[in-house]
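Coordinate inspection notes
Spelled out from the first residue to the last, the chains are:
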Amino acid sequence: MISERAGKYLVDLSKETIKYFLETGKHMVKPTDYPIELDEKLGVFVTLNKKSNLRGCIGYAEPIKPAIDATMEVALSAAFNDPRFPQVSNKEFEELDFEVTVLTKPQLIEVAHYEQYLDEIEIGRDGLIIQKGYARGLLLPQVATENAFTKEDFLDHTCMKAGISADSWMDESCDVYKFQGQIFK
């Protein structure tokens with residue numbers, strides 16, 4: 001994955017990107033002095049928390065953009081385009097805690113019977129993506145730990161995030177993927 005230094009850089013960059021937009025209404029120009037490893041295409045999520053409560057979280061599950069570009073883009077989306085929350089204001093910016101999660105490429109979990117998913121998922125290590133038709137939900141690895149989810153709870157909540165019934169993961173027409181994430185705060 002990436003170094004601690006590069007991860008810390010992404011956290012600082014997400015803050016700077018949002019602060020710049022709040023102050024100017026414009027998109028910040030990509031810095032030129034970033035760690036070269038951030039040119040690698042990686043899945044990235046930016047999570048904003050306020051007083052230990054979720055305030056915004058947007059990202060790319062797939063490695064479609066260089067990490068540096070993806071982080072700047074999803075930081076703004078987490079602050080201003082997460083449909084679950086109003087836009088971040090200047091006033092509350094200082095109250096936010098920033099978290100960047102860099103993801104491995106999602107891997108389809110292939111099973112003969114749905115109960116085998118329970119052997120393939122490790123709470124605290126794996127994040128999940130569940131897809132059924134056009135419905136798709138993703139929960140980062142830390143969500144299961146922060147909410148003391150069992151493996152079944154984690155699967156159920158990922159289905160609900162996709163907007164499908166909680167037990168859809170038991171259906172053969174549902175695909176379950178796992179991925180890992182490096183979390184930087």
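In what follows, the accompanying structure is described. (Residues numbered from 1 in each chain as written. Predicted model: local features only at pLDDT ≥ 70, side-chain atom pairs only at ≥ 80, totals over all residues. Heavy atoms only, no water.)

1. Observations concerning helix H6 (residues 151-162)
Spanning 12 residues, H6 covers 17 Å between terminal C-alpha atoms, matching the ideal 16 Å at 1.5 Å per step. Of all the positions in H6, only Phe-154, Leu-155, Thr-158, Cys-159 and Ala-162 are classed as buried. End-on view of H6: buried residues confined to an arc of 135°, all on one side of the axis. Contact partners of the buried residues in H6: helix H4 (117-120), strand E5 (126-132), strand E6 (135-139), helix H5 (141-146) and strand E7 (175-184). Remark: Gly-163 follows H6 within two positions and exhibits a positive phi of approximately 85°. (Helix = DSSP H or I, 4+ residues; strand = E, 2+ residues; numbered from the N terminus. Expected span 1.5 Å × (residues − 1). Buried < 20%, exposed > 50% of the residue type's maximum accessible area, 1.4 Å probe, protein only. Arc of directions from axis to C-beta. Contact = heavy atoms within 4.5 Å.)

2. Concerning the pairing of strand E3 (residues 96-103)
Within E3, 7 of the 8 residues are buried, leaving the element largely enclosed by the surrounding structure. The pairing of E3 with E7 spans 4 bridges and is antiparallel. Bridging across to E7, Thr-101 finds its partner in Ile-183. (Pairing = 2+ DSSP bridges.)

3. Focus on helix H1 (residues 4-24)
With 21 residues, H1 should reach 30 Å at 1.5 Å per residue; the first-to-last C-alpha distance of 30 Å fits that figure. Taken together, the buried positions of H1 are occupied by Ala-6, Gly-7, Tyr-9, Leu-10, Val-11, Leu-13, Ser-14, Thr-17, Ile-18 and Leu-22. Residues of H1 that are buried sit in contact with strand E1 (43-50), helix H2 (67-80), helix H3 (90-93), E3 and E7. Looking one or two places after H1, you find Gly-25, whose phi comes out positive at around 75°.

4. Describing the environment of Ala-166
Take Ala-166: it is sitting in the loop between H6 and E7. The contact partners of Ala-166, leaving out residues within four places of it in the chain, are Leu-155, Asp-156, Cys-159 and Met-160.

5. What about the pairing of strand E2 (residues 53-60)?
Residues in a regular strand point their side chains to alternate faces of the sheet. Pairing geometry for E1 and E2, over 7 bridges, is antiparallel. Considered in E2, the bridge of Val-44 is made with Tyr-60. The antiparallel pairing of E1 with E2 creates a hairpin that spans 2 residues between the two strands, and Lys-51 there sits at a positive phi of about 55°.

6. Considering the side chain of Glu-99
With respect to the secondary-structure elements, Glu-99 resides in strand E3. Separated by 2.7 Å, the side chains of Glu-99 and Gln-142 make a polar contact. Residue contacts for Glu-99: discarding those within four places in its chain leaves Phe-45, Val-46, Thr-47, Asn-49, Gln-142, Ile-183, Phe-184 and Lys-185. (Polar contact = N/O pair within 3.5 Å; in protein donor to acceptor, adjacent residues only side chain to side chain.)

7. Some details on the nonpolar core
Formed by 33 residues in total, the largest nonpolar core has its most connected members in Ile-2, Ile-18, Leu-38 and Leu-48. Every element with two or more residues in this core is listed here: H1, E1, H2 and E3. The element that contributes the greatest number of residues to this core is H2, accounting for 10 residues. Contacts of Leu-48, omitting those with residues within four sequence positions, involve Ile-18, Asn-53, Leu-54, Arg-55, Gly-56, Ala-78, Ala-79, Val-88, Leu-96, Asp-97 and Phe-98. Membership of the second largest hydrophobic core comes to 17 residues, among which are Ile-109, Tyr-117, Ala-135 and Cys-159. (Core = buried A, V, L, I, M, F, W, Y, C linked by side-chain atoms within 4.5 Å.)

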